[in-house]
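# Structural overview for review
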Amino acid sequence: MAKQFDVIVIGAGPGGYIAAIRAAQLGLAVACVDAWTSPAGKPAPGGTCTNVGCIPSKALLQSSEHYEQLNHHFADHGISAKDVSLDLAKLIGRKDTVVKQNNEGILFLFKKNKVSFFHGTGSLAAKTDFGWSVKVSGKTEEDLEGRHVIVATGSSARELPGAPFDEDRILSNDGALRIPAVPKKLGIIGAGVIGLEMGSVWRRLGAEVTVLEAMPDFLGAVDRDVAKEAQKALVKQGLNIQTGVRIGEVKTSAKGVNVQYTDAAGAEQKLTADHLIVSIGRVPNTQGLGADVVGLKLDERGFVAVDEDCRTNLPNVWAVGDVVRGPMLAHKAEEEGVAVAERIAGQHGHVNFDTIPWVIYTSPEVAWVGKSEQALKAEGRDYKAGSFPFMANGRARALGDTTGFVKILADAKTDEVLGVHIVGPMASELIAEAVTIMEFRGAAEDIARICHAHPTLSEAVKEAALAVDKRTLNL
């Protein structure tokens, strides 16, 4: 007889495991099915984010930043070191330990919240009198039934046509995290979050990095002023960023990868590298889900079709995260997971897509929420803007990291904050204040009148808010 649950979650990434835990906290009987497996053959819940995405990339960014600081910046503080060496195997090993700790943390939370975990691939099998039949395929086979099913199967890296991932020469985000030796030359196709973060890691460790981007503008979705500042800083650090390129033939050999491309001026060029990271977007994971078996509707791009509440076309079947429309961000998936769990429990879950923050964890970091200045201009919206440079911030000077600024955009009449854009130190942490203000539809004056501790980087946010009304204090 099939094991029965109120809710079955297929996938234990940020959307899935958060949905499972929240549903269990609300008193529902919950099962979560996930197939990720660690190198040791053990369950590895957490999805792309924990295993080959957000978490391991931040571990490598932190380690490589230490290496960069020791080699190039500690002398400014009167600290000198000789014969600095890199143990790449240990650096990668630390990253793997961080991943394992997060895997184990999720399993602990499942146990704590009484979520039944099944290690294997979950697929929709049939509609039943109870609800939905879900098959679990793996080392052991399981038959489950759930009154509700939440699909949270995530996404995978998109391959470049004619150049499939081999994770040796042509790398996805997975292979980019475990290159066995620092390459002399590294090529990257795609100047998005993954491309820039991984490019930064390997450049700091000693690689010569070339980034090829098809779009004419660097970080086209980002506020223009912020994008220009970020590009200037990254190029100064040594990243060779080329925009407006058209990729041609890609060939691999025992020695590396050759990429034929046309540059922005129309000239034919060739890039030769030891490895090539391809970061040109992601595709939803629906293969093996059983969508065709039960009639689950997919949209024209292969995403599970959902309404504004994450309901699919099937009764009591929901979908969240990368497998549905919207930004492919872990925190967006988490918010949807919580909202769906609460809706199933009879509550009123809500996700505000207008206040989902974006972050690029390069140095300087880039973070934003809400509308960019070019978007407001395109809409014909009357707005006012204020900005403040970290160069004039006392804490940034003390840190020795004064690159960048904070920029705030507010409605010209009501002063409501419409967008906040930050490039500089700890932008990923500073953006939360902006998200909070915007969730409450607060004004730039609200930020300006809040007492910020001194000296802190957050004072730059306050100063930018003051600048909206053309007044600053230079705290």
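If you check an unreviewed UniProt entry, the protein chain appears there as Dihydrolipoyl dehydrogenase from Castellaniella daejeonensis. In its Catalytic activity (unreviewed entry) section, UniProt records this for the protein chain: "N(6)-[(R)-dihydrolipoyl]-L-lysyl-[protein] + NAD(+) = N(6)-[(R)-lipoyl]-L-lysyl-[protein] + NADH + H(+)".

### What about the packing of helix α3 (residues 54–72) against helix α4 (residues 88–112)?
Here α3 crosses α4 at 145°, and the two axes come no closer than 9 Å. Remark: the crossing between α3 and α4 carries right-handed chirality. Seen from α3, the contacting residues are Ile 55, Pro 56, Ala 59, Leu 60 and Ser 63; seen from α4, they are Leu 91, Ile 92, Arg 94, Lys 95, Val 98, Val 99 and Asn 102. For the contact of α3 with α4, the residue count by class is eight nonpolar, two polar and two charged.

### Let's talk about the pattern of salt bridges
Pairing between side chains of opposite charge can happen when the charged atoms of each approach one another. Going through the model one piece at a time under the given rule, you end up with 25 salt bridges. Ionic pairing is found between Arg 147 and Asp 6, a salt bridge with its closest N-O pair at 2.9 Å. In this pair, Arg 147 sits in strand β6 (residues 142–151) while Asp 6 sits in strand β1 (residues 3–10), placing the two residues 141 residues apart along the sequence. The network of salt bridges with common partners includes Asp 223, Asp 225, Glu 373 and Lys 407.

### Comments concerning the sheet that holds strand β14 (residues 268–273)
In a beta sheet, neighbouring strands pair by backbone hydrogen bonds and run either parallel or antiparallel. One open sheet accounts for three strands, arranged β12-β13-β14; its pairing is antiparallel. Edge strands, defined here as strands with exactly one partner in the open sheet, are β12 (246–252) and β14. The average undirected angle you get between the axes of adjacent strands in this sheet is 20°. In this structure, β12 lies alongside strand β13 (residues 257–262), joined through five bridges in antiparallel fashion. Residue pairing across strands places Ile 247 opposite Tyr 261, the latter belonging to β13.

Analysis parameters
- Residues numbered from 1 in each chain as written.
- Predicted model: local features only at pLDDT ≥ 70, side-chain atom pairs only at ≥ 80, totals over all residues.
- Heavy atoms only, no water.
- UniProt positions renumbered as here; feature names shortened; annotations may be inferred.
- Axes fitted to C-alpha atoms, helices over the stretch in contact; angles between N-to-C directions.
- Helix = DSSP H or I, 4+ residues; strand = E, 2+ residues; numbered from the N terminus.
- Left-handed = near helix turned anticlockwise from the far one by under 90°.
- Contact = heavy atoms within 4.5 Å.
- Nonpolar A, V, L, I, M, F, W, Y, C, P; charged D, E, K, R; others polar.
- Salt bridge = Lys/Arg side-chain N within 4 Å of Asp/Glu carboxyl O.
- Pairing = 2+ DSSP bridges.

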